[in-house]
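Here is what each chain is made of, one letter per residue.
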Amino acid sequence: MSRLYIVATPIGNMEDMTLRALRILREVDVIACEDTRHTSMLLNHYEIKKRLIATHSYNERESSRGILSLLDEGKDIAYCSDAGTPGISDPGELLVDYIRENSDHEIIPVPGPSAAITLISVAGRVGRSFTFEGFLSPKSGRRKKRLTELIARNEPFLIYESPFRVIKTLKEAFEIERDLYAVMGRELTKQFEEIKKMPLAELIRYLEGKSTVKGEFAILLYKDFHDKTEEDQES
Ligand code: SAM
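Residues numbered from 1 in each chain as written. Predicted model: local features only at pLDDT ≥ 70, side-chain atom pairs only at ≥ 80, totals over all residues. Heavy atoms only, no water.

K.L.:
Explain the state of the cysteines residue by residue, including any values.
P.N.:
Evaluated as defined, the whole model comprises 0 disulfides. Distance from the sulfur of cysteine 33, which forms no disulfide, to the nearest cysteine sulfur (cysteine 80) is 6.7 Å. Owing to a relative accessible area of 0%, cysteine 33 belongs among the buried residues under this scheme. Relative accessible area serves as the criterion here: at 0%, cysteine 80 is assigned to the buried category. (Disulfide = S-S within 2.5 Å. Buried < 20%, exposed > 50% of the residue type's maximum accessible area, 1.4 Å probe, protein only.)

Dropping the structure here:
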């Protein structure tokens with residue numbers, strides 16, 4: 001039986017690589033990744049020389065078959081997405097299901113950074129639980145419908161958003177519910193990291209005041225749950 005390791009990699013800061021992830025990348029026979037150029041930069045940084053194979057999201061099913069053949073040949077494989085944890089708004093889910101359903105090879109998680117959990121770690125008090133949504137639909141109608149559902153749940157929810165659409169999406173949320181708060185993580189762990197916790201209306205004004213909006217965004221949206229949380233804890 002061979003091993004397929006699902007390895008988390010940094011979301012920006014190259015130092016956020018676990019010792020175990022480095023050891024696994026050094027030990028496996030092959031590294032499968034979303035984009036060989038991207039993963040090569042990480043491997044070069046840590047002076048790891050290894051056979052790389054690309055498994056683009058558009059050919060995930062086909063590449064899953066290729067990975068299964070390598071596992072069947074007795075090779076151990078590490079799978080990395082471009083950044084963060086595979087399977088979290090990233091390819092990896094199909095591969096894991098395919099290998100589990102078609103073989104007895106071991107599937108081993110090697111945890112590490114994820115933008116969502118990184119943001120939660122500095123969000124402070126926002127409520128007891130949250131919904132991880134990831135990317136909303138690029139289609140405006142679907143996006144608004146989903147935002148309406150998420151807001152109606154009365155639970156914080158976390159989205160990933162592109163710099164080109166972030167203001168639009170936040171305005172759509174504000175149109176649905178004016179009494180929302182936000183925790184924004186922009187460029188987390190990178191040189192221009194920015195973390196803001198404020199009413200959504202204020203965050204929209206802040207972003208609109210910038211000449212250009214750049215970077216990667218993870219945003220938590222929530223109603224003010226503090227009183228409810230305290231009541232719950234007392235009872
Ligand atoms: N699998 C990754 C994870 O575990 O976080 C997420 C990959 S998803 C394709 C990429 C999106 O995650 C970006 O568009 C952005 O919304 C968010 N993201 C990734 N890195 C980030 C960072 N350093 N700061 C803020 N958001 C980030």
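K.L.:
So what's going on with the domain arrangement of the protein? Residues and values would help.
P.N.:
Taken domain by domain, the protein comprises domain 1 (3-110) and domain 2 (115-223). Its C-alpha centre places domain 1 at a distance of 29 Å from the equivalent point of domain 2. Across the contact, 6 residues belong to domain 1 and 10 residues belong to domain 2. Of the roughly 550 Å² buried at the junction of domain 1 and domain 2 (both faces included), carbon and sulfur atoms supply 61%. For the domain 1 face of the interface with domain 2, the top three residues by lost area are Ile11, Ile88 and Ser89, together amounting to 77%. For the interface between domain 1 and domain 2, the tally reads 0 salt bridges. (Domains from an automatic or database assignment. Contact = heavy atoms within 4.5 Å. Buried area = accessible area lost by both parts, 1.4 Å probe. Salt bridge = Lys/Arg side-chain N within 4 Å of Asp/Glu carboxyl O.)

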